[in-house]
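Observations on chain architecture
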Amino acid sequence: MISLSRIGAITFKELRQLRRDRLTFGMVVMIPLIQLLMFGYAINTNVRHLPVGLVDMSHSALARIFVQSISATQVVDFEQHYLSVQEAERGLTRGDVRAVLILPHDLAKRTSRHRMIASQLGIPARDDQQRALGQWIVDGSDTMVASTINRLRNMPLEDGRGILTQPAMNTFEVTYYFNPEQRSVVNIVPGLVAIILTMTMIMFTSAAIVREKERGNMELLITTPLRPIELMVGKIIPYIVIGLIQLTIVLSLGYGVFNVPMRGDIEQILLASLLFICASLTLGLIISTLAKSQLQSMQMTIFILLPSILLSGFMFPYEGMPEAAQWIAEVLPATHFMRMIRAIVLREADIVDVSTDALWLLGFTVVGLMIASVRFKKRLD
Amino acid sequence: MEELIVAEQISRVFGSLRAVDKLDLRVRRGEIYGFIGPNGCGKSTSIRMLTGLLTPSEGSVRVLGLELPRQAEALRTRIGYMTQKFSLFDDLTVAENLKFIAQIYGISGKAAKQRLKEQFDTYGLNQLRQQMAGTLSGGLKQRLALAAATVHRPELLFLDEPTSAVDPENRREFWEKLFDLSDQGASILVSTHYMDEAERCHQLAILEAGQKRASGSPAALMAEMGANVVEVAGTELRQLKQQVIASPEVLSAAQHGTRLRVLITDRIDDPIGWLLQQYPQLEPQQLHPVRPSLEDVFVSSTGAGARQ
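Residues numbered from 1 in each chain as written. Chains lettered and ligands numbered in written order. Predicted model: local features only at pLDDT ≥ 70, side-chain atom pairs only at ≥ 80, totals over all residues. Heavy atoms only, no water.

A word on the overall build of chain B. Looking only at helices and strands, chain B features 12 helices and 14 strands. With the principal axes as the frame, chain B shows a C-alpha extent of 75 × 45 × 35 Å. Expressed as a percentage of its 308 residues, the buried residues of chain B come to 54%. Contacts spanning at least 24 positions in sequence make up 68% of the contacts within chain B whose residues lie at least 6 apart. Accessible surface, chain B as shown: approximately 13600 Å² in total, 48% of it carbon and sulfur. The positive charge centre, built from 35 side chains, and the negative charge centre, built from 37, are 7 Å apart in chain B. (Helix = DSSP H or I, 4+ residues; strand = E, 2+ residues; numbered from the N terminus. Buried < 20%, exposed > 50% of the residue type's maximum accessible area, 1.4 Å probe, protein only. Contact = heavy atoms within 4.5 Å. Areas by Shrake-Rupley, 256 points an atom, 1.4 Å probe, with all protein chains shown as cover. Lys, Arg positive; Asp, Glu negative; His and termini not counted. Charge placed at Lys NZ, Arg CZ, Asp CG, Glu CD.)

Listed below in structure tokens is the structure:
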């Protein structure tokens, strides 16, 4: 017989203690607020304004026109001019620039032989004489930088006479659903809900039981008729409320400040979040029964948090990861919620559409609560 | 009389340490039973085994007819336990703490209000209801802890060194409360390292290194001490102490102001005559036989005294 009044006693006690712990109380609001603003602005997968260098061997007006039209894309900023390739390589090594464009001395000849321009001038194109107009040397260690420069390979160029080099016709047409303007923040904000909730929910509850052990309150609690499941449930209820507050902060700021569309129903969002909050809190409780000190519980929280950020699909698409990493990701509640919240918020999906993930979170919570209750012994030995 | 606690040959081993070694214990209803012993003698470990918090490595425990630790849950509502370290919540007020404990014991609504008021009155906490428990003085903390441990009117109360951080006046008051509880029918097991507190108990067990050295009522213990006490008055007592302590017949010698209290084993029939014979510098008028105190009992049954 589980006593609701005992659960209530624990819940109210937690709320009172939380209210008096000003810093923690502040973090409840500040963590989602600051992190959303920070990451909403900072995380951007559309790379722009890369500092690059130029080695212009042609010293021609044509080179200047090309450089101007490349700059106009805003993908790169020409910040350095080098006299030789060797000098440019040193600049790359030092990190002054991320890439260097080398325009050869026969730029004009190469331009006039370029297939697109040649055909417009009525000159028969001779394939064996075609050469690229210039050469990019790229610091390829950052693959995102590399692929950004790579996209310049086929960019159209104007040669000053109004004649353009044009890439070949598209093989396929592509239409972007759900995020037509391709703004990263649209994908980031719902993902941030998962990350922030993972962090705060696990952190709060993982400390919850250890703290009482450290302060000596546990010896008192275990001599009372309080049952482990009552203690567990009583402890997570206040944090469910806090989780929902944080959810509201992130999503409403995302909508208001970053214009992230909220296509799904509020109830669907709440239901999915509730499942995830419960799963995360349960995970925190399990940690709490394992840890001997608050420091240990914090270490374990970080241990869960990092893969939740890196493997859950928040940073990189889940499908692109190797199979082993996908298995690890599947274990983490954050991965399942990441799919659900993005589906519901951005793609107007129902909880039914993501029922596998929903059921998984539900199962995680039930099994987790049982594990935490069983692990929690009302003994000191 | 009914035996509330029956512990038979209980031991508890932590790694290579035998914290409690083959302890036998019988506590009857209505008694205030004292555990006395130095720090680390196994008092807390024993209490934890008797409350079902620790599983004995050997031996059996029955408390209020329940077998521990198997039936520990059934025992919870019938006992009160006051931990050695203050274990209520520092960041809750006095009233909030007490209300919380009442709720945990299933006392709510009107009954809780009534019970809390009684406890505030009994333990003089009325003025402090809104004060944070963490900011209370040592004595007040103990009063609050006792109020919390008795909020559900337990039949049996376990108190683990309840007065170790309390000044003498508050200790005296605290013991008055214990006698009130005893009068109301509660049985109490209390551990302490203060002799004056031990003397107030109905029954005592002297513990050392996890073993029971002696037990019984304070009066009986003093009567059956196995040593006689002689007080030596005079000067140069420090040197005399060094001399007498060297004899195997002397269990201990302790200076109290201008007198030296010497415990002499009862194998010596005439302790005063023996002293005069051994130490010719002493004059008969310097020596007086005195009634043994509990401290003498403690000294004679533990440490060097017990090994003789």
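Read on, since the account is not over.
The next point concerns the state of the cysteines. Tallied over the entire structure, the rule returns zero disulfides over all chains. Of all cysteine sulfurs, the one in B:Cys41 lies closest to B:Cys201, which takes part in no disulfide; the gap is 14 Å. (Disulfide = S-S within 2.5 Å.)

If you look at the interface, chain A gives 25 residues, while chain B gives 27 residues. With both sides pooled, the region where chain A packs onto chain B buries about 2500 Å², and carbon together with sulfur makes up 57% of that total. In terms of surface lost to chain B, no three residues of chain A exceed A:Arg20, A:Leu220 and A:Thr223, which account for 23% of the buried area on that side. Where chain A packs against chain B, one counts four salt bridges. Here B:Glu96 ties to A:Arg20 by a salt bridge, and the two come within 2.7 Å at their closest N and O atoms. Taken together, the connections running from chain A to chain B amount to 11 residue pairs in polar contact (both at pLDDT 80 or more). In terms of residue count, helix H1 (residues 4-20) of chain A provides more of the side of chain A that touches chain B than any other element does, eight residues in total. (Buried area = accessible area lost by both parts, 1.4 Å probe. Salt bridge = Lys/Arg side-chain N within 4 Å of Asp/Glu carboxyl O. Polar contact = N/O pair within 3.5 Å; in protein donor to acceptor, adjacent residues only side chain to side chain.)

Another aspect to go through is a positive patch on the surface. The grouping of A:Lys213, A:Lys292, A:Arg375, A:Lys377 and A:Arg379 at the surface amounts to a positive patch. Of note, A:Arg375 is situated in helix H15 (residues 355-375). (Patch = residues over 30% accessible without salt bridge, like charges linked within 9 Å, V, L, I, M, F, W, Y side chains within 5 Å.)

Right, let's talk about the pattern of salt bridges for a bit. Residue and element names in this part refer to chain A. Scanning all chains against the criterion turns up 36 salt bridges over all chains. The salt bridge involving Arg211 is made with Glu14; its shortest N-O contact spans 3.7 Å. In this pair, Arg211 sits in helix H8 (residues 184-215) while Glu14 sits in helix H1, placing the two residues 197 residues apart along the sequence. When the shortest N-O distance is used, the salt bridge between Arg339 and Asp357 registers 2.9 Å. Separated by 18 residues along the polypeptide, Arg339 in helix H14 (residues 333-347) and Asp357 in helix H15 bring together distant segments of the chain. Assessed through its relative accessible area of 8%, Asp357 is described here as buried.

With that settled, the discussion passes to the environment of B:Lys212. Residues and elements named next belong to chain B. With respect to the secondary-structure elements, Lys212 resides in strand E10 (residues 211-216). Given the relative accessible area of 31%, Lys212 is considered partly exposed. It is 9.1 Å that separates the C-alpha atoms of Lys212 and Leu25, two residues lying 187 residues apart in sequence. Leaving out residues up to four positions away in the same chain, Lys212 has contacts with Leu23, Asp24, Ala205, Ile206 and Leu207. Within the local environment of Lys212, its side chain forms a polar contact with the backbone oxygen of Asp24, the two atoms lying 2.7 Å apart.

With 160 residues, the main nonpolar core has B:Ile5, B:Phe35, B:Leu50, B:Phe158 and B:Leu189 as its most contacted residues. Core analysis: the next-biggest nonpolar cluster, separate from the first, contains 23 residues, A:Leu54, A:Leu103, A:Leu133 and A:Leu157 among them. (Core = buried A, V, L, I, M, F, W, Y, C linked by side-chain atoms within 4.5 Å.)

So, on to the pairing of strand E6 (residues 79-82) of chain B. On a regular strand, each side chain points to the face opposite its neighbour's, so the side chains alternate between the two faces of the sheet. All names here are of chain B. Side chains Ile79 and Tyr81 of E6 all project onto a buried face; the interleaved residues Gly80 and Met82 project onto the opposite face, where all are buried too. Here E6 pairs with strand E7 (residues 156-160) via four bridges, running parallel. In the sheet register, Ile79 faces E7, and the bridge partner there is Leu156. (Pairing = 2+ DSSP bridges.)

This part covers the layout of surface pockets. All names here are of chain A. If you add up the space inside the largest pocket, you get close to 890 Å³. Lining the largest pocket are 27 residues, and of these Asn187, Gly313, Phe314, Pro317 and Arg342 sit closest to its centre. Those elements giving two or more residues to the lining of the largest pocket turn out to be H8 and H14. Examining the composition of the lining of the largest pocket, we find that six residues originate from one element, H14, more than from any other. The class makeup of the residues in the lining of the largest pocket is 13 nonpolar, nine polar and five charged. (1 Å grid on protein atoms, 1.4 Å probe; cavity = no way out; pocket = protein on both sides within 12 Å on 5 of 7 lines; lining within 4 Å. Points joined across faces, edges and corners; volume = space filled by probe spheres on them. Nonpolar A, V, L, I, M, F, W, Y, C, P; charged D, E, K, R; others polar.)

Compared with the 36 Å implied by 1.5 Å per residue over 25 residues, the 36 Å span of helix H11 (residues 266-290) of chain A between its first and last C-alpha is a close match. The element H11(A) is largely enclosed, with a buried count of 19 among its 25 residues. (Expected span 1.5 Å × (residues − 1).)

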